[in-house]
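Report on the structure
For reference, the chains in residue letters:
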Amino acid sequence: MEWRKWMVLVVTIWIQAFSGTNFDFSAYSSDMKSALGISQVQLNYLAVASDLGKAFGWSSGLALLYLPIWTVLLMAASFGFVGYGLQWLLIRNLLSLPYFLVFLSCLLSGLSVCWFLTVCFVLCVRNFTHHNRSLAISLTVSFNSISPSLYTLAASAFTPSSSSSSSGPIYLLLNAALPLFVSAAAILSILRQQPPPRLPDKLPHTAATHDSIIFLLLNVFAFLTGLYLLLFNTVSTLPSVDSLLFGGGLLLLVMPLFIPAVISARDRAQRAVTDGGPAFGSFKIIDINESQLLKSLLDKVEVEEKWWWCWWKKDRVETLGEDHGVLKLVRRFDFWLYYASYFCGATVGLVYINNLGQIAQSLGHNSSTAAILGVYSACSFFGRLLASAPEFLRQKVYFARTGWLALALIPTPIAFSVLVGSDGLFALMTATGLVGLSSGFVFAAAVSVTSELFGPKSVGVNHNIVITNIPLGSILYGLLATLVYDANEGSSRLVTLRSSDGAAAAACMGRKCYELTFMVWGCISLLGLAVSVALFLRTKPAYDRSERDKV
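Residues numbered from 1 in each chain as written. Predicted model: local features only at pLDDT ≥ 70, side-chain atom pairs only at ≥ 80, totals over all residues. Heavy atoms only, no water.

Our focus in this paragraph is the overall build of the protein chain. Along the protein chain, the regular secondary structure elements total 26 helices and two strands. Once local pairs closer than 6 in sequence are excluded, the contacts in the protein chain between residues at least 24 apart make up 83%. For the protein chain, the exposed area adds up to about 24400 Å²; of that, 67% sits on carbon and sulfur atoms. (Helix = DSSP H or I, 4+ residues; strand = E, 2+ residues; numbered from the N terminus. Contact = heavy atoms within 4.5 Å. Areas by Shrake-Rupley, 256 points an atom, 1.4 Å probe, with all protein chains shown as cover.)

Okay, here's the thing in structure tokens:
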């Protein structure tokens, strides 16, 4: 039943592509602000509420321990349907809600995104072995970042050409309906079927090589899909043309189905042959033992047992894949190094993106916000695709995954240095691209790191504990940005902006509005880089030992 795991992978790609609904908040935030009559600070709290949903993401891991995966997927879609549905009714003036209930609806929407992600992670863990699990995760997670482009094309396609109203309600309606529709299609197509038997710890060399080639093909296909959406996302202003472009995007998402279809046909043909060989030939196995002698020699080098060396080695992860329960997890020093590197690295980039609209406005580039968001979406997508590069390069250049994670954090402090040095549009786009590339890689690689360091069995719970740093960072880093913004209103140019309904709002203009924030965020990201290097040095022996066991 080899075709089944590839069908599950395609279904996971669909779910990821339509579940990144938290990326389009800026598309309807003005409508929300106008409908509620709230301040910019209160609107920012609604954005934070979506991230706060991740603080309860561990509940999805618990649910998966007791419920079938299709049930959890349906619950995730239901959370989003209710959360975004209430917001759609609100901005269409069909329902009146107090601010507190709107906050809860945003939290519920954010929780649905987290549940979707957990379902996708667990599907990859259950259907792929350790050899290819990280490839499956990084590939599927990369499609989560194309959601803004897909929803932009969908919103343009479904917006009447004669309509002069905002497209905000369309985004909310799509956020509520499309994930539910895709989830139902996934459940009916494959997820209601009997799950496969427990996977072996290792695949035969022939099967592993065959899978790697298919993953390489899928990554090439994903690259072309991202390129298509990047090039055509802002080409047209006509709904009829946008409908064709949206249809093209959907076609690109459906085309990977040819892989499980071909594999299924091959299996049937092989069963029909009494004693035939492989239907599509065989693959040459290259057994690479280069540098094995060097590794053996390095292992024999004895290190003087100084007190600091004993402290450094104490309680570090010795074996990859060892399952950790919650209590064992939080007692691990390596876990807190991992948590801090994520908190001070990728989470800073995520908060930057949440504030990007206001940052662009303060620097005088408000008209280019959509283009800047497009740069982030594209760079985040390609950053997530790059997260699979370590697997393809493993036989040529082996490097511990925690080391790749540390390298991925380098662009973030560079980005904030660029923003401190210049307020031009090119500098803003460059910095945003660097942040997207860095955070995209980390988001895609982090699940594999969690699985490797703390075991695949409880990854649904453990990784949701890791990402509780996101709402914490959203609150703290967002509060910092708000305080600096408000403190500079008096010394900066203050303008009055008016929304489509005539409501007035004050906005701080000039470099001072965020300059100190960029400096502090840059220092925090440097700290995250230092912590990630420490994590790499502590876990490198475990990765080296695991790599030696494979050859």
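Let's shift gears to the pattern of salt bridges. A complete count under the given rule lists four salt bridges for this structure. Note that Glu452 is salt-bridged to Arg401, the shortest N-O span being 3.0 Å. Taken as a pair, Glu452 in helix H23 (residues 425-454) and Arg401 in helix H21 (residues 401-408) lie far apart in primary sequence, 51 residues in all. Measuring nitrogen to oxygen at the nearest pair gives 3.6 Å for the salt bridge that ties Lys512 to Glu515. Among the ionic contacts, a cluster of salt bridges with common partners joins Arg511, Lys512 and Glu515. (Salt bridge = Lys/Arg side-chain N within 4 Å of Asp/Glu carboxyl O.)

This brings us to the packing of aromatic side chains. Any aromatic ring pair is given by two values, namely how distant the centres are and how the planes are angled relative to each other. Under the criterion given, the structure shown has 21 aromatic pairs. The rings of Tyr352, Phe416, Tyr485, Tyr514, Phe518 and Trp521 are connected pair by pair, giving a single aromatic cluster. (Phe/Tyr/Trp six-rings, centres within 6.5 Å; stacked < 30°, edge-to-face > 60°.)

Tracing the backbone through its elements, the reader meets Phe158 in helix H8 (residues 147-158). Taking the C-alpha atoms as reference points, Phe158 and Ser243, 85 residues apart in sequence, are found 7.6 Å from one another. In contact with Phe158, other than residues within four places in its own chain, are Ile170, Leu174 and Phe246.

The next point concerns helix H16 (residues 333-344). With 12 residues, H16 should reach 16 Å at 1.5 Å per residue; the first-to-last C-alpha distance of 16 Å fits that figure. Of all 12 residues making up H16, nine are buried, and the element is well covered by its neighbours. If you check which residues of H16 are buried, you get Asp334, Phe335, Leu337, Tyr338, Tyr339, Ser341, Tyr342, Phe343 and Cys344. (Expected span 1.5 Å × (residues − 1). Buried < 20%, exposed > 50% of the residue type's maximum accessible area, 1.4 Å probe, protein only.)

Here we take up the side chain of Ser341. Following the sequence through the fold, Ser341 ends up in helix H16. A polar contact of 2.8 Å, which involves the side chain of Ser341, links it to the backbone oxygen of Tyr338. Beyond its immediate sequence surroundings of up to four residues, Ser341 is in contact with Ala346, Leu409, Gly528, Val531, Ser532 and Leu535. (Polar contact = N/O pair within 3.5 Å; in protein donor to acceptor, adjacent residues only side chain to side chain.)

Further remarks concern the confidence of the model for the protein chain. Here the protein chain shows a mean pLDDT of 77. Residues at 70 or above account for 79%. For the stretch residues 277-291, pLDDT sits under 50, and the model shows 16 contacts to residues farther than four places along the chain or on other chains. The low-confidence segment residues 496-504, where pLDDT is below 50, has 10 contacts with residues more than four positions distant or belonging to other chains. (pLDDT = per-residue confidence, 0-100.)

What follows concerns the environment of Val330. Its location among the elements puts Val330 in helix H15 (residues 326-330). Once the C-alpha coordinates of Val330 and Asn462 are considered, the two residues, 132 residues apart in sequence, prove to be 9.6 Å apart. Setting aside its immediate chain neighbours within four residues, Val330 contacts Phe335 and Trp336.

It is the contact of H16 with helix H25 (residues 469-487), at a shortest axis distance of 9 Å, that shows an interaxial angle of 45°. Taken together, the axes of H16 and H25 are oblique relative to one another. As for the relative orientation of H16 and H25, their crossing is right-handed in sense. Of H25, the residues touching H16 (which contributes Tyr339, Tyr342, Phe343 and Cys344) are Asn469, Ile470, Leu472, Gly473, Leu476 and Tyr477. Of the residues in the contact of H16 with H25, the class split is eight nonpolar, two polar and no charged. (Axes fitted to C-alpha atoms, helices over the stretch in contact; angles between N-to-C directions. Parallel < 35°, antiparallel > 145°, perpendicular 65-115°, else oblique. Left-handed = near helix turned anticlockwise from the far one by under 90°. Nonpolar A, V, L, I, M, F, W, Y, C, P; charged D, E, K, R; others polar.)

Moving on, we come to a nonpolar patch on the surface. Residues Leu216, Val220, Phe223, Leu224, Leu227, Leu230, Leu231 and Phe232 make up a contiguous nonpolar surface patch of roughly 680 Å² in combined accessible area. Within the secondary structure, Leu227 is located in helix H10 (residues 205-232). (Patch = residues over 30% accessible without salt bridge, like charges linked within 9 Å, V, L, I, M, F, W, Y side chains within 5 Å.)

Moving on, we come to helix H9 (residues 168-191). Between its first and last C-alpha atoms H9 spans 33 Å; for 24 residues at 1.5 Å apiece the expected length is 34 Å, and the two agree. The largest bend in H9 is about 25°, located at Leu174. (Bend = angle between axes of the 7 residues up to and from the residue.)

Tracing the backbone through its elements, the reader meets Leu231 in helix H10. For the pair Leu231 and Ala378, spaced 147 residues apart in the sequence, the C-alpha separation amounts to 9.9 Å.

It is worth spelling out the packing of H8 against H9 at this point. For the pair H8 and H9, interaxial distance at closest approach is 10 Å and the crossing angle is 115°. As far as their axial angle goes, H9 and H8 are roughly perpendicular. Along this stretch, H8 crosses H9, giving a crossing that reads as right-handed. Together, Tyr151, Thr152, Ala154, Ala155 and Phe158 of H8 and Ile170, Tyr171, Leu174, Asn175, Leu178 and Pro179 of H9 make up the contact between the two elements. Class assignment of the residues belonging to the contact of H8 with H9 gives a composition of nine nonpolar, two polar and no charged.

Attention now goes to unusual backbone geometry. For Asn93, which is not glycine, the phi torsion reads 60° and is therefore positive. Along the chain, Asn93 falls in the loop between helix H5 (69-91) and helix H6 (99-127).

What follows concerns the state of the cysteines. All told, the structure shown has zero disulfides when counted by the stated rule. Cysteine Cys120 shares no disulfide, and the gap to the nearest cysteine sulfur, in Cys124, comes to 7.0 Å. (Disulfide = S-S within 2.5 Å.)

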